[in-house]
Amino acid sequence: MRRRFTIFSILVCIITSLTIISYGVYASLQQTFSVSNTIGFVSSQEIYVALDCKISGSKQSNYTTPPDGYTTLDEYWDSIGITHRVNFSEDMRGQSQNLQAQPWELKESLQFVDGTTEIVYSLKIYNYSYKSIKVSFSEYVDNSQYIENEFSEPTIIAGYIPGEEAHFAEMELKTKVINPSKGFKEERNDFKLLFEIV
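Residues numbered from 1 in each chain as written. Predicted model: local features only at pLDDT ≥ 70, side-chain atom pairs only at ≥ 80, totals over all residues. Heavy atoms only, no water.

Not every positive phi belongs to a glycine, and Asn 98 is a case in point at roughly 55°. Summarising the element assignment, Asn 98 is placed in the loop between strand 4 (83–86) and strand 5 (104–105). A residue is classified by how much of its surface remains accessible, and Asn 98, at 40% relative accessible area, is partly exposed. A positive phi angle is found at Glu 186, which is not glycine, with a value near 50°. One can find Glu 186 in strand 12 (residues 184–188). (Helix = DSSP H or I, 4+ residues; strand = E, 2+ residues; numbered from the N terminus. Buried < 20%, exposed > 50% of the residue type's maximum accessible area, 1.4 Å probe, protein only.)

What follows is the structure, given as structure tokens:
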């Protein structure tokens, strides 16, 4: 009788442990994580750049077919802000490019694929200024209880020489979830890219 009770107790403990573990795994898989963004650009009047920006690591950037209402993925990504471009043409030279008026706005919150996959903001910067410029991240989120940002160090891009290809640099800001067991929605993740003449 005592042996039966011991075996029964062990089975109950095993089943209870498995249930708790399964529930924990299920709960963590059901968590949602999302951030909302406005990405600004700050520069002086004599700075001219072209930008090619994109996001990876979000559910939206991982789609393989366009959502209803869109013909192509590129159309969808451009529409909601997964991709963003700022162009430069020579007729702009001599006047302000006014980068502050061309922020990178995301029209919907970015959803993390899961609690361990980073969302990556990639920016390719072409320098059309006659002088070298320094590019750095500023005013980024560094005090959130939900997300943590890691970003490229400031970089210098050589000045533009007429008739040659513009020099460029690639920079990234990576956002990761701090606690994958604790979901959150629309956490602000705004930041700015600063352009300075050097």
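Now for the sheet that holds strand 9 (residues 147–151). Spatial strand order, 4-3-7-11-9: 5 strands in an open sheet with antiparallel pairing. Looking along the sheet, the strands with just one partner apiece sit at the ends: strand 4 and strand 9. The sheet shows a mean angle of 15° between the axes of neighbouring strands, taken without regard to direction. Where strand 9 lies against strand 11 (residues 167–177), 5 bridges are found, and the strand directions are antiparallel. Paired with Glu 148 across the two strands is Lys 176, which belongs to strand 11. (Pairing = 2+ DSSP bridges. Axes fitted to C-alpha atoms, helices over the stretch in contact; angles between N-to-C directions.)

So, on to the pattern of salt bridges. Here the structure, examined in full by the defined rule, presents 7 salt bridges. The residue Arg 85 makes a salt bridge to Asp 52 at a minimum N-O spacing of 4.0 Å. Pair noted here: Arg 85 is in strand 4 and Asp 52 is in strand 3 (residues 49–56), with a separation of 33 residues, a long-range link. Note on Asp 52: relative accessible area 36%, which makes it partly exposed. The salt bridge involving Arg 85 is made with Asp 78; its shortest N-O contact spans 3.1 Å. For Asp 78, a relative accessible area of 41% puts it in the partly exposed group. In this structure, a network of salt bridges that share partners links the residues Asp 52, Asp 78 and Arg 85. (Salt bridge = Lys/Arg side-chain N within 4 Å of Asp/Glu carboxyl O.)

Enumeration according to the criterion identifies 15 aromatic pairs in this entry. Among the aromatic residues, those joined into a cluster by ring pairs are Trp 104, Tyr 121, Phe 137, Tyr 140, Phe 151 and Phe 191. Lying over the aromatic face of Tyr 130, Arg 93 brings its terminal NZ or CZ to 4.1 Å of the ring centre. Above the plane of the ring of Phe 168 lies Lys 124, whose end atom (NZ or CZ) is 4.5 Å from the centre. (Phe/Tyr/Trp six-rings, centres within 6.5 Å; stacked < 30°, edge-to-face > 60°. Lys NZ or Arg CZ within 6 Å of the ring centre and 35° of its normal.)

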